[in-house]
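The chain contents come next:
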Amino acid sequence: MSENKNSNYQISLPLILCIGLAAGVLIGAGLTSKSGGSEVNQDVQKLREVLTLVKKEYVDETKTEGLVEDAIAHLLSQLDPHSAYISSKDRISANEDLKGNFEGIGIEFNIFHDTLTVITTLSGGPSEAVGLRSGDKIIKVDDKVIASTKLTNLDVQRYLKGPKGSEVKIEVLRKNKKEPITFTIIRDKIPQFSVDASYMVDQEIGYIKINRFSQTTYDEMMEAMVKLKKEGMKKLVLDLQGNPGGYMDQAISVADEFLPAGEKIVFTKGQETKYNENAMATEKGDFEKGDLIVLVNEGSASASEIVSGALQDNDRALVVGRRSFGKGLVQRPFDLNDGSEVRLTISRYYTPSGRSIQKPYENSEDYDKDITKRYKNGEFFTADSVKFNDSLKYKTLNGRTVYGGGGIMPDYFVPLDTTLTSRYFNELSYANVLREYAFNYGDQNGKALEQKGYKDYLQNFEVGDVMLNQVVELGKKNNIKPDLKDLNANKKLFQVYLKAEIARKVWGNSAFYPIFNETNEVLQQAIKLFDRIPDLDKGKM
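What you see is a predicted model, and the numbers here were worked out from it, not measured in a lab.

Re the overall build of the protein chain
Line of reasoning, step 1. In terms of helices and strands, the protein chain carries 19 helices and 24 strands.
Line of reasoning, step 2. Relative to the compact-globule value of 24 Å for 541 residues, the protein chain shows a C-alpha radius of gyration of 25 Å, a close match.
Line of reasoning, step 3. Here the C-alpha coordinates of the protein chain stretch approximately 70 × 70 × 45 Å along the principal axes.
Line of reasoning, step 4. Sorting the 541 residues of the protein chain into buried and exposed places 51% on the buried side.

Observations concerning the sheet that holds strand β12 (residues 195–200)
Line of reasoning, step 1. Strand order in the open sheet formed by six strands is β12-β13-β14-β18-β19-β24, and the pairing between neighbours is mixed. Because the sheet does not close on itself, it has two edges, and the strands there are β12 and β24 (412–413).
Line of reasoning, step 2. Of the strand pairs in this sheet, strand β14 (residues 235–239) and strand β18 (residues 291–296) are connected by five bridges, and their pairing is parallel. Each bridged residue has a counterpart across the sheet, and for Leu236 the counterpart in β18 is Leu292.

Comments concerning the packing of helix α11 (residues 423–430) against helix α16 (residues 491–507)
Line of reasoning, step 1. Direction vectors running N to C along α11 and α16 enclose 30 degrees, while the axes themselves pass 10 Å from each other. Taken together, α11 and α16 sit at an angle that is classed as roughly parallel. Taken as a pair, α11 and α16 cross one another with a handedness that is right-handed. Seen from α11, the contacting residues are Tyr424, Phe425 and Leu428; seen from α16, they are Leu493, Phe494 and Tyr497.
Line of reasoning, step 2. Of the residues in the contact of α11 with α16, the class split is six nonpolar, no polar and no charged.

Some thoughts on unusual backbone geometry
Line of reasoning, step 1. Not every positive phi belongs to a glycine, and Asp114 is a case in point at roughly 65 degrees.
Line of reasoning, step 2. Structurally, Asp114 can be placed in the loop between β5 (107–112) and β6 (115–121).
Line of reasoning, step 3. Look at Asp114 and you get partly exposed, because its relative accessible area is 21%.
Line of reasoning, step 4. With a phi close to 65 degrees, Asn479 is a non-glycine residue in the positive phi region.

Topic: the pattern of salt bridges
Line of reasoning, step 1. Scanning all chains against the criterion turns up 27 salt bridges.
Line of reasoning, step 2. Across the pair Arg400 and Asp411 runs a salt bridge, and its minimum N-O distance is 2.8 Å. Of the two residues, Arg400 is situated in the loop between β22 (393–395) and β23 (401–403) and Asp411 in the loop between β23 and β24; the sequence distance between them amounts to eleven residues. Pair check on accessibility: Arg400 and Asp411 agree, each one buried.
Line of reasoning, step 3. By sharing partners, the salt bridges in this structure join Arg323, Lys359, Asp370, Arg374 and Glu379 into a single network.

Examining the nonpolar core
Line of reasoning, step 1. Core analysis: the biggest nonpolar cluster contains 50 residues, and Ile293, Val320 and Ile502 have the highest contact counts within it.
Line of reasoning, step 2. Those residues in contact with Ile502 that sit more than four places away from it in its chain are Ala438, Tyr441, Gly442, Leu449, Tyr457, Phe461 and Met467.
Line of reasoning, step 3. Listed in part, the 46 residues of the second largest apolar core include Phe213, Met233, Ala251 and Ala255.

Focus on the side chain of Thr396
Line of reasoning, step 1. Turning to its location among the elements, Thr396 is positioned in the loop between β22 and β23.
Line of reasoning, step 2. You can call Thr396 buried: its relative accessible area is 5%.
Line of reasoning, step 3. Of note is the side chain of Thr396, whose polar atom sits 3.0 Å from the side chain of Asp315.
Line of reasoning, step 4. Apart from the residues lying within four places of it in its own chain, the contact partners of Thr396 are Gln312, Asp313, Asp315 and Val402.

Structural notes on the confidence of the model for the protein chain
Caution applies to low-pLDDT parts of the model: their predicted coordinates are not meant to be read in detail.
Line of reasoning, step 1. For the protein chain, mean pLDDT is 88; residues scoring 70 or higher make up 92% of the total.
Line of reasoning, step 2. This model gives residues 2–22 a pLDDT under 50, and the stretch forms 63 contacts once residues within four places in sequence are excluded.
Line of reasoning, step 3. The low-confidence segment residues 29–35, where pLDDT is below 50, has twelve contacts with residues more than four positions distant or belonging to other chains.

A look at α16
Line of reasoning, step 1. Between the first and last C-alpha of α16 there are 24 Å, a value that for 17 residues agrees with the 24 Å anticipated at 1.5 Å per step.
Line of reasoning, step 2. Burial analysis of α16 places 13 of its 17 residues in the buried class, the great majority of the element.
Line of reasoning, step 3. Note on α16: the residue one or two positions beyond its end, Gly508, has a positive phi of about 95 degrees.

Some points on the packing of aromatic side chains
Line of reasoning, step 1. Going through the model one piece at a time under the given rule, you end up with 20 aromatic pairs.
Line of reasoning, step 2. Here the aromatic rings of Phe112 and Phe439 are separated by 5.9 Å at their centres, their planes lie at 50 degrees, and the arrangement is tilted. With Phe112 in strand β5 and Phe439 in helix α12 (residues 433–452), this pair connects stretches of sequence that are 327 residues apart. Like Phe439, Phe112 is buried.
Line of reasoning, step 3. With a centroid separation of 6.1 Å and an interplanar angle of 85 degrees, the aromatic rings of Phe325 and Tyr367 are classed as edge-to-face. Remark: Tyr367 occurs in helix α9 (residues 364–368) and Phe325 occurs in the loop between β19 (318–321) and β20 (329–335); sequence separation between them is 42 residues. In terms of burial, Phe325 and Tyr367 fall into one category: buried.
Line of reasoning, step 4. Among the aromatic residues, those joined into a cluster by ring pairs are Tyr424, Phe425, Phe494, Tyr497, Phe512, Tyr513 and Phe516.

The rules behind the values
Residues numbered from 1 in each chain as written. Predicted model: local features only at pLDDT ≥ 70, side-chain atom pairs only at ≥ 80, totals over all residues. Heavy atoms only, no water. Helix = DSSP H or I, 4+ residues; strand = E, 2+ residues; numbered from the N terminus. Rg over C-alpha atoms; globule rule 2.2 N^0.38 Å. Buried < 20%, exposed > 50% of the residue type's maximum accessible area, 1.4 Å probe, protein only. Pairing = 2+ DSSP bridges. Axes fitted to C-alpha atoms, helices over the stretch in contact; angles between N-to-C directions. Parallel < 35°, antiparallel > 145°, perpendicular 65-115°, else oblique. Left-handed = near helix turned anticlockwise from the far one by under 90°. Contact = heavy atoms within 4.5 Å. Nonpolar A, V, L, I, M, F, W, Y, C, P; charged D, E, K, R; others polar. Salt bridge = Lys/Arg side-chain N within 4 Å of Asp/Glu carboxyl O. Core = buried A, V, L, I, M, F, W, Y, C linked by side-chain atoms within 4.5 Å. Polar contact = N/O pair within 3.5 Å; in protein donor to acceptor, adjacent residues only side chain to side chain. pLDDT = per-residue confidence, 0-100. Expected span 1.5 Å × (residues − 1). Phe/Tyr/Trp six-rings, centres within 6.5 Å; stacked < 30°, edge-to-face > 60°.

Listed below in structure tokens is the structure:
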């Protein structure tokens, strides 16, 4: 099971891109530490005494398990913003995104009018095998009615996810079928992909978008690179916008593909020398010569910053966009005896020039509101609003000046395009109106569109006024008040998004980004900047 990759919030105001950037940078496997000194023993004894008093003497009967979990979470929150406690019940779901797979029935879904609707079955998954189809409405799960029950995405995950080999029975309503159809599905491992898109922008320029750094990211990227090279790629745009990070080893492997042997990629320093590491590029780089541009923004964090920082410091790539998030702390997972997990910051990482890009976190409230503060201060709109400390000045391999202390500042700044922020668009998105309309349109017209082909669709299909009026009417049925002034002012955004979503319904996820990226102003600017890349070799920019 998988919800559609491009959930509604991803095409709204980028301020919310950075909510929940706890993915961070993770290294190594979990382990339980059994060491400890006398000071730790004294602290543990004090906690034990307090818990005993609460258990025996407190006026009300109290379960101390919850108190201990709250205490651990609070303790870790006092260290830094990214050390965290994960309970045993939350651990599996917390790690699924980074593992690159989960266990479920293998569908992409959406909730239309409080009814779970299958968008598509995942290729090779158990739902495809039993004959579930796009458009099927799931109304029962294991004899429990789930339609018209104020269903949420979390409810869907609770009903349909489960261990490999377990069985779930579902009942669906299908178009043109009078009676419900029952399917028995055996859950299996379902892959999650971290490469959202890879395609040729033109005859020479390839494009790859990575949404996170999971265990499979490097392999996915290399598969995309092979495909693009066969299609004639000479230059590459690597899109890390909104990528919150993930595994450090995957970031190192990705950067290694673009750097010659012996160049430094990243190094780490911790209180314990065992956490001091130095990652260097190896002989295996598969794209060490072609022109390269990396896209970042305020949602690009940690592992994304390792890649962009390494390529910038080695003058290997032009970095384009807006200042990245600023997370330079490395976490390691430690298993606890009850199956829970502590993610503890064990080191800081530094780019090849010696930069720590970790932004200040002494004040947790300021840290949490940093992205909002950047927006209000105008940083999303002008590079001059970004202030750097001269004491944190560093030099790239060819002598260009770069700064530490808070994210990766791009070589070429692209302001946020405010013409692509529409209140009415967001309201329709949050109510699932736009996606429902695109789904229904693709369902009704998909065969005719498919016969003409995707290339013809790209060149000739237009979302006209009749279609937009139908969207407005569908919005009314969902209690969204029409705002025709907003619609007309932001017409291109509506048209491009609907065209992209209809293409996704007909041709799958790979058809979405070549269309929707018409609104990706950072990418559109980057395509024009390949002639600036020779300046990197001269130490200019």
